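# Residue-level structural notes
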Amino acid sequence: MHMKSEPAELLPAGYELDWPTWRSLNRLRVGVGRSKNNLKKWGMLQDISTKCECGMEQNMEHLLNCQSCPFSCTKEDLLYANPNAIGVARFWSRVI
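Owing to the predicted nature of the structure, the values given are computational and were not obtained by experimental measurement.

Positive phi, close to 50°, is recorded for Ala 81, a residue that is not glycine. Tracing the backbone shows Ala 81 in the loop between helix 4 (75-80) and helix 5 (83-92). Among the residues examined, Ala 81 registers a relative accessible area of 11% and is labelled buried.

Take a look at the structure:
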């Protein structure tokens, strides 16, 4: 006899956000996105420099606390999709 059960899959926090912000939030969560550092590694960046507009090396970790962004967040903030994480994700949504 088969017992029917509901799927246990739950969507991560922030799933209701607009697509560009949701995509950016998830790229920040996993640390893989179109930062200058990654673009250079993937052979997609023609510029020699991987520096951010703020002058620091632009990698995924840097984007969480970049001076150019009016928000900053932690990796834990990203998991909960709190206002700081959403602000960071929204700010970088056109970049990464």
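Further remarks concern the side chain of Thr 50. As for its position among the elements, Thr 50 is in the loop between helix 2 (36-41) and helix 3 (60-63). A polar contact is formed between the side chain of Thr 50 and the side chain of Glu 57, at a distance of 2.4 Å. When sequence neighbours within four positions are dropped, the list of residues in contact with Thr 50 reads Lys 36, Asn 37, Lys 40, Leu 45, Met 56, Glu 57 and Gln 58.

This part takes up the layout of surface pockets. Of the volumes computed, that of the largest pocket is approximately 150 Å³. Taken together, Arg 34, Lys 36, Leu 39, Cys 52, Glu 53, Gln 58, Ser 68, Phe 91, Trp 92 and Val 95 make up the full set of residues lining the largest pocket. Contributing elements (two or more residues each) for the lining of the largest pocket: helix 2 and helix 5. Partitioned by chemical class, the residues of the lining of the largest pocket number five nonpolar, two polar and three charged.

Remark: helix 1 (residues 19-30) packs on helix 5, axes separated minimally by 8 Å, with the N-to-C direction vectors making an angle of 110°. One way to sum up the angle between helix 1 and helix 5 is to call them roughly perpendicular. For the pair formed by helix 1 and helix 5, the contact residues are Thr 21, Ser 24, Leu 25 and Leu 28 on the first element and Ala 85, Ile 86, Val 88, Ala 89, Arg 90 and Trp 92 on the second. Among the residues forming the contact of helix 1 with helix 5, the class breakdown is seven nonpolar, two polar and one charged.

A word on the pattern of salt bridges. In total, this model carries two salt bridges according to the counting rule given. Two residues, Asp 18 and Arg 90, come together in a salt bridge whose shortest N-O distance is 3.2 Å. Taken together, the positions of Asp 18 in the segment before helix 1 and Arg 90 in helix 5 put the pair 72 residues apart, joining distant regions of the chain. The salt bridge partner of Lys 75 is Glu 61, with a shortest N-O separation of 3.4 Å. Here Lys 75 is found in helix 4, whereas its partner Glu 61 is found in helix 3, with 14 residues between them in sequence. Residue Lys 75 is classed as exposed on the basis of its relative accessible area of 52%.

So, how was this worked out
Residues numbered from 1 in each chain as written. Predicted model: local features only at pLDDT ≥ 70, side-chain atom pairs only at ≥ 80, totals over all residues. Heavy atoms only, no water. Helix = DSSP H or I, 4+ residues; strand = E, 2+ residues; numbered from the N terminus. Buried < 20%, exposed > 50% of the residue type's maximum accessible area, 1.4 Å probe, protein only. Polar contact = N/O pair within 3.5 Å; in protein donor to acceptor, adjacent residues only side chain to side chain. Contact = heavy atoms within 4.5 Å. 1 Å grid on protein atoms, 1.4 Å probe; cavity = no way out; pocket = protein on both sides within 12 Å on 5 of 7 lines; lining within 4 Å. Points joined across faces, edges and corners; volume = space filled by probe spheres on them. Nonpolar A, V, L, I, M, F, W, Y, C, P; charged D, E, K, R; others polar. Axes fitted to C-alpha atoms, helices over the stretch in contact; angles between N-to-C directions. Parallel < 35°, antiparallel > 145°, perpendicular 65-115°, else oblique. Salt bridge = Lys/Arg side-chain N within 4 Å of Asp/Glu carboxyl O.

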